[in-house]
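Read off the chains here:
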Amino acid sequence: QVQLVESGGGLVQPGGSLRLSCAASGFTFSSYAMSWYRQAPGKERESVASISSGGGVTNYVDSVKGRFTISRDNAKNTVYLQMNSLKPEDTAVYYCKALIVYKNLIEYWGQGTQVTVSS
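If you're wondering where the values come from, they're calculated on a predicted model, not measured in any experiment.

Enquirer: For the packing of aromatic side chains, give the residues involved together with the corresponding values.
Expert: Applying the stated rule across the entire model yields 6 aromatic pairs. A centroid spacing of 6.5 Å and a plane angle of 50 degrees characterise the contact between Phe27 and Phe29, whose relative ring orientation is tilted. Residues Phe27 and Phe29 agree in their burial class; the two are buried. Following the ring pairs from residue to residue traces out a cluster consisting of Phe27, Phe29, Tyr32 and Tyr108. The ring of Phe29 carries the charged tip of Arg72 above its face, separated from the ring centre by 4.4 Å.

Structure follows, in structure tokens:
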């Protein structure tokens, strides 16, 4: 049974930090690229950061470059998103996604964790 379980969300003041985790099970984690997405109220879901299966390649949306860092630990089947210098506009539900292209595109999503940046 495939599971992606996000944790680490919460309420933080502007300028603060949070570290999100996404624990994976039920598939070969180390073979999948992983991504973090977010969806704010009334907005479309957007890709925030992604990391290759081996961890050597990362990408970020411009709005989080220099503030967020994606990483993974394939021994622990976990991907992380370190978020620093948080802004109110970072408020959203954050989701992790696993992706592999093997004959077909296969992707799995977590249930999401709420991040609220407010004073």
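Enquirer: Which residues make up the sheet that holds strand β7 (residues 68-73), and what values go with them?
Expert: With antiparallel pairing, 4 strands are arranged side by side in an open sheet as β1-β3-β8-β7. Two strands close off the open sheet at either side, each with one partner strand: β1 (3-7) and β7. Ignoring which end each strand starts from, the neighbouring axes of this sheet average 15 degrees apart. In terms of strand pairing, strand β3 (residues 18-25) meets strand β8 (residues 78-83) through 6 bridges, oriented antiparallel. Bridge assignment links Cys22 to a residue of β8, and that residue is Val79.

Enquirer: Explain the environment of Trp36 residue by residue, including any values.
Expert: Considering the arrangement of structural elements, one finds Trp36 in strand β4 (residues 33-39). Among the residues examined, Trp36 registers a relative accessible area of 0% and is labelled buried. Along the chain, Trp36 and Ser85 lie 49 residues apart, while their C-alpha atoms are 17 Å from each other. A distance of 3.3 Å separates a polar atom in the side chain of Trp36 from the backbone oxygen of Tyr80.

Enquirer: Pulling in residues and values, what's your account of the nonpolar core?
Expert: The biggest cluster of nonpolar side chains holds 29 residues, and the ones touching the most others in it are Met34, Trp36, Val79, Leu81, Met83 and Tyr94. Of all elements in the fold, only β3, β4, β5 (46-51), β7, β8, β9 (92-102) and β11 (113-117) reach the threshold of two or more residues within this core. Counting residues per element, this core draws most heavily on β9, which supplies 5 residues. Ignoring sequence-local partners within four residues, the contact set of Val79 consists of Leu20, Ser21, Cys22, Phe29, Met34, Trp36, Ile51, Ile70, Ser71, Arg72 and Cys96.

Thresholds applied
Per-chain numbering applies: the sequence of each chain, read as written, is numbered from 1 onward. Totals for whole chains, interfaces and linings use all residues, but because this is a predicted model, local features are given only for residues with pLDDT of at least 70 and pairs of side-chain atoms are given and counted only at 80 or more. Neither water nor hydrogens contribute to the side-chain values; these are computed over all heavy atoms in the structure. Note on aromatic contacts: the rings of Phe and Tyr and the six-membered ring of Trp form a pair at centre separations within 6.5 Å, being stacked when their planes are under 30 degrees apart, edge-to-face when over 60 apart, and tilted otherwise. Three labels apply to residues, based on accessible area from a 1.4 Å probe with only protein chains included: buried if under 20% of the type maximum, exposed if over 50%, partly exposed otherwise in between. Note on geometry: a ring has a charge over it if NZ (lysine) or CZ (arginine) is within 6 Å of the ring centre and within 35 degrees of the ring normal. Pairing between two strands is assigned when DSSP locates at least 2 bridges connecting them. Each helix corresponds to a stretch of at least 4 residues labelled H or I by DSSP, and each strand to a stretch of at least 2 residues labelled E; elements are numbered beginning at the N terminus. With axes taken as lines fitted to C-alpha atoms, and helix axes fitted only over the stretch in contact, angles between N-to-C directions fall between 0 and 180 degrees. What qualifies as a polar contact is a pair of N or O atoms within 3.5 Å, subject to a donor-acceptor requirement within protein and to the restriction that residues adjacent in sequence count only when both atoms come from side chains. In this text, buried Ala, Val, Leu, Ile, Met, Phe, Trp, Tyr and Cys residues form a nonpolar core when linked through side-chain atoms within 4.5 Å. Here, two residues are considered to be in contact whenever any of their heavy atoms come within 4.5 Å of each other.

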